[in-house]
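In case you want the letters, here they are:
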Amino acid sequence: MNIKDIIRKAKIDFSDFTDNYLKGGKTSVITAIVSLVITFAVCLVVFFASVQGAEKVLVPDVVGETLTDALLKMQAKELYPKIQLKYSDFPGDKGTILEQNPKAGSIVKAYRRVTLTVSRGIAIDYIEDYVGKNADEVRNSLDLLFSGAESLVVVAPFVYVKDESAPGTIIAQYPEAGTSIAEKVKVQFVVSSGTEIEKIEMPKIEGLNIEQLLSAMAEHKIVVDLDVKEDDSAPAKGKVGDVEKTKDEVEAYTRVKAILEVKPRQEKDEMVQGIFSCTLTDYPFPVPYVLTAKDPEGKTAVLISANHPGKNFTAPYNVKKGTTLILSVMGNETAKVVVE
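Parameters at a glance
- Every chain's residues receive numbers from 1 upward, in the order its sequence appears when written.
- In keeping with the predicted nature of the model, local features appear solely for residues at pLDDT of at least 70, side-chain atom pairs appear and are counted solely at 80 or more, and the whole-chain, interface and lining totals rest on all residues.
- To get the side-chain values, take all heavy atoms of the structure and skip hydrogens and water.
- Per the convention used, a helix needs a DSSP run of H or I reaching at least four residues, while a strand needs a run of E reaching at least two, with both numbered from the N terminus.
- The pairing test for Phe, Tyr and Trp rings, Trp by its six-membered ring, is centres within 6.5 Å, and the orientation test on the planes gives stacked under 30 degrees, edge-to-face over 60, and tilted for anything in between.
- Only protein chains enter the calculation, and the probe is 1.4 Å; a residue is then buried if its accessible area is under 20% of its type maximum, exposed if over 50%, and partly exposed in between.
- Pairing between strands is defined by DSSP: at least two bridges between them are needed.
- Only C-alpha atoms enter the line fits that serve as axes; for helices the fit covers just the stretch in contact. Angles between N-to-C directions range over 0 to 180 degrees.
- It only takes one pair of heavy atoms within 4.5 Å for two residues to be counted as in contact.
- By salt bridge we mean one thing: a side-chain nitrogen of Lys or Arg within 4 Å of a carboxyl oxygen of Asp or Glu.
- Here, patches come from residues exposed beyond 30% relative accessible area and free of salt bridges, joined within 9 Å for like charges and within 5 Å for nonpolar side chains (Val, Leu, Ile, Met, Phe, Trp, Tyr).
- The Shrake-Rupley method, run with a 1.4 Å probe sphere, supplies the accessible areas, and residue values consider only the shown protein chains as cover.

A.B. asks: Describe unusual backbone geometry, listing the residues and the values that go with them.
C.D. replies: The omega angle of the peptide bond from Asn-101 to Pro-102 is 5°, so this bond is cis rather than trans. With respect to the secondary-structure elements, Pro-102 resides in the loop between β3 (97-101) and β4 (107-109). In this chain, Tyr-174 is followed by Pro-175 through a cis amide linkage whose omega measures 0°. Residue position: Pro-175 is located in the loop between β8 (170-174) and β9 (185-192). Backbone geometry at Tyr-111 places phi at a positive 75°, although glycine is not the residue there.

A.B. asks: Explain the packing of aromatic side chains residue by residue, including any values.
C.D. replies: The description of two aromatic rings rests on the distance between their centres and on the angle between their planes. A full pass over the atoms with the stated rule returns six aromatic pairs. Taking 5.7 Å as the distance between ring centres and 85° as the angle between the ring planes, the aromatic pair formed by Tyr-130 and Phe-189 counts as edge-to-face. Here Tyr-130, found in the loop between β5 (113-122) and α3 (135-145), pairs with Phe-189, found in strand β9; they are 59 residues apart in sequence, far enough to count as distant. There is no split in this pair, since Tyr-130 and Phe-189 are both buried. When the ring of Phe-276 is compared with that of Phe-313, the centres are 6.3 Å apart and the planes differ by 80°; the resulting orientation is edge-to-face. Here the residue Phe-276 occupies a position in strand β15 (residues 271-294), and Phe-313 occupies one in strand β16 (residues 300-320), the gap between them amounting to 37 residues.

A.B. asks: If you had to explain the sheet that holds strand β17 (residues 324-329) to someone new, which residues and values would you point to?
C.D. replies: Strands belonging to one sheet form pairs held by backbone hydrogen bonds; the direction of such a pair is parallel or antiparallel. If you trace the four strands from one edge of the open sheet to the other, you get β16-β15-β17-β18, paired in antiparallel fashion. Edge positions in the sheet fall to β16 and β18 (332-338), since each has one partner strand and no second. Strand-to-strand twist across the sheet, computed as the mean angle between neighbouring axes with direction ignored, equals 20°. Looking at chain direction, β17 and β18 are connected through six bridges and run antiparallel. Each residue of the ladder has a partner; that of Leu-325, found in β18, is Val-337. Running at roughly 140° to β16, helix α4 (residues 210-219) makes contact with β15 and β16 of the sheet.

A.B. asks: An account of the pattern of salt bridges is requested, with residue identities and associated values reported.
C.D. replies: Throughout the structure, instances matching the rule amount to eight salt bridges. Glu-65 is the partner of Lys-73 in a salt bridge, and the nearest nitrogen-oxygen pair spans 2.8 Å.

A.B. asks: Break down a nonpolar patch on the surface for me, with residues and values.
C.D. replies: Together, Ile-30, Val-34, Ile-38 and Val-42 make up a nonpolar patch on the protein surface, roughly 360 Å² of accessible area in all. As for its placement among the helices and strands, Ile-30 is situated in helix α1 (residues 3-52). Using a relative accessible area of 55% as the deciding quantity, one classes Ile-30 as exposed.

A.B. asks: I'd like a rundown of the pairing of β17, residues and numbers included.
C.D. replies: In the case of a regular strand, side chains alternate between the two sheet surfaces. Where burial is concerned, most of β17 is hidden: five out of the six residues are buried. The hairpin turn running from β17 into β18, its antiparallel successor, is two residues long, and Met-330 in that turn takes a positive phi close to 55°.

Now the structure itself:
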């Protein structure tokens, strides 16, 4: 066989191979397309089966429940809560569920979101007028409205005075009605004790040092009008000397005169004793006051916090030289002095 025959034979075989390949290739392409279609169809079936096959659950009724209890019930049903906050018209329901969507009893798929509307409490941003109302009822209502560690309104112990109003009736308040509640507020109520005069047992204050006298003035409803007397024999913390004689039982906030004995001041003394005094308004009822001391290092301490009927005011002190004494009455700074 010569070279031409070999080439011609090769061409014939190559043509046959090409024809066979093309015929087989069409089958392969068709097979691949069919496989892709089948795979896609299976994926769709699996997807829709998984979506439609989610478990259906009954939405629980959580209206009126606390948020914590509501979340636990939602979790048990494999439902996801979406929280919304809303002010309420009813006192005492802060933190409870006001509304829910979908409603209780609805049949939904698991893992669905349920909108829960939670109470932010009643929307009160000012002090109301409580004069003429029962003090205990008002205090209970305020405790419900402003409960919690971060309460913005705190009710101070009542101040009772003789009045023709029924016992327990609020006859005055501080702050006044309409005061904005922008920060923590201490509300003081003056309450009628009826026509009977409140009586107290007069405490023994003679011989007390300054710290003890301040404690007695805060604990007992008395007003001590002090005069100072310098005496070399006086103790370092001062001492109450002569005290005006009174009955054993007196009216609340009765004034009693007394002498405070202190050592004469020396230039080298670090601590100084004396009397803080000023003149206040003649109030119709005892009002709350606070006497604070701010030492030269900036440290502040309350010397006494009590109630006072007004006019002449005196209080003893034993503080570092250079301390600033500040008297605040009903929350307002009234007098200030630097002890030298």
